[in-house]
Amino acid sequence: MGYTKERVKLEKLLVKLNGVNVYNEKSLDILSNIYEEYSHTIRILKNKEPEVFMSHYTDDLQAVKLAKKTLKESDSDESKEQNFNAYKEVIITALQKTISTALAIL
């Protein structure tokens, strides 16, 4: 019911993450863009099917926001690298869960 377009967007975001391996400005920009696109897409899905996607919107999106905030507040290079990897993993998990949900309701 109209979820294919959003699911494909999310799958493309997941593929983009494969090129992000080390903490640097370019990788951080890529992650920020992926976060923005995920945020926009999950809002669309939540508005289409709130019963199904509300938990993704409230829980997964909030986890991504928290990981992003933690990265911004990092002060040492080592903690930035660790928090960058954690941020990336949270985004991957959120994308995978949302894609799985979208596939399950087809």
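Sequence order as written defines residue numbering, which begins from 1 separately in each chain. Residue-level local features of this predicted model are given only where pLDDT is at least 70; pairs of side-chain atoms are given and counted only at 80 or more, and the full residue set underlies all totals for whole chains, interfaces and linings. Values shown for side chains rest on all heavy atoms present in the structure; no hydrogens or waters enter the calculation.

## Focus on the packing of helix α2 (residues 25-48) against helix α4 (residues 77-104)
Every axis in this analysis is a line fitted to C-alpha atoms, fitted for helices over the stretch in contact. Angles between the N-to-C directions lie between 0 and 180 degrees. In this text, helices come from DSSP runs of H or I with a minimum length of four residues, and strands from runs of E with a minimum of two, each type numbered from the N-terminal end. At their nearest, the axes of α2 and α4 sit 11 Å apart, and the two run at 30° to each other. By the criterion of interaxial angle, the relationship of α2 to α4 is roughly parallel. Relative to α4, the crossing made by α2 is left-handed. Of the residues in α4, those touching α2 at S27, L28, L31, S32, I34, Y35, Y38, I42 and L45 are F84, Y87, K88, I91, A94, L95 and T98. Roughly parallel refers to an angle under 35 degrees, roughly antiparallel to one over 145, roughly perpendicular to one between 65 and 115, and oblique to any angle outside these ranges. Crossing handedness is read from the near helix: turned anticlockwise from the far helix by less than a right angle, it gives a left-handed crossing, and turned clockwise, a right-handed one. We call two residues contacting when some pair of their heavy atoms lies within 4.5 Å.

## Describing the environment of I44
You can see I44 is positioned in helix α2. Any residue under 20% of the maximum accessible area for its type is buried, any over 50% is exposed, and the rest in between are partly exposed; the area is computed with a 1.4 Å probe on protein chains only. Look at I44 and you get partly exposed, because its relative accessible area is 24%. Between the C-alpha atom of I44 and that of V20, which follows or precedes it by 24 residues, the distance is 26 Å. With residues up to four places along the chain from it excluded, the contact list for I44 reads E6 and K9.

## Points about α2
For a helix, the expected span equals 1.5 Å multiplied by the residue count minus one. Taking 1.5 Å of rise per residue, the 24 residues of α2 would be expected to cover 34 Å, and the 35 Å separating its terminal C-alpha atoms lies within 8% of that figure. Among the residues making up α2, those that are buried are S27, L28, L31, I34, Y35, Y38, S39, T41, I42, L45 and K46. Residues of α2 that are buried sit in contact with α1 (4-17), α3 (50-72) and α4. Polar contacts, as used here, are pairs of N or O atoms within 3.5 Å; protein pairs need one atom able to donate a hydrogen and one able to accept it. Residues neighboring in sequence count only if both atoms are side-chain atoms. By the N-cap criterion, in which a side-chain oxygen at the helix start approaches the backbone nitrogen of a residue two or three places on, α2 is capped by N24, the distance to K26 being 3.2 Å.

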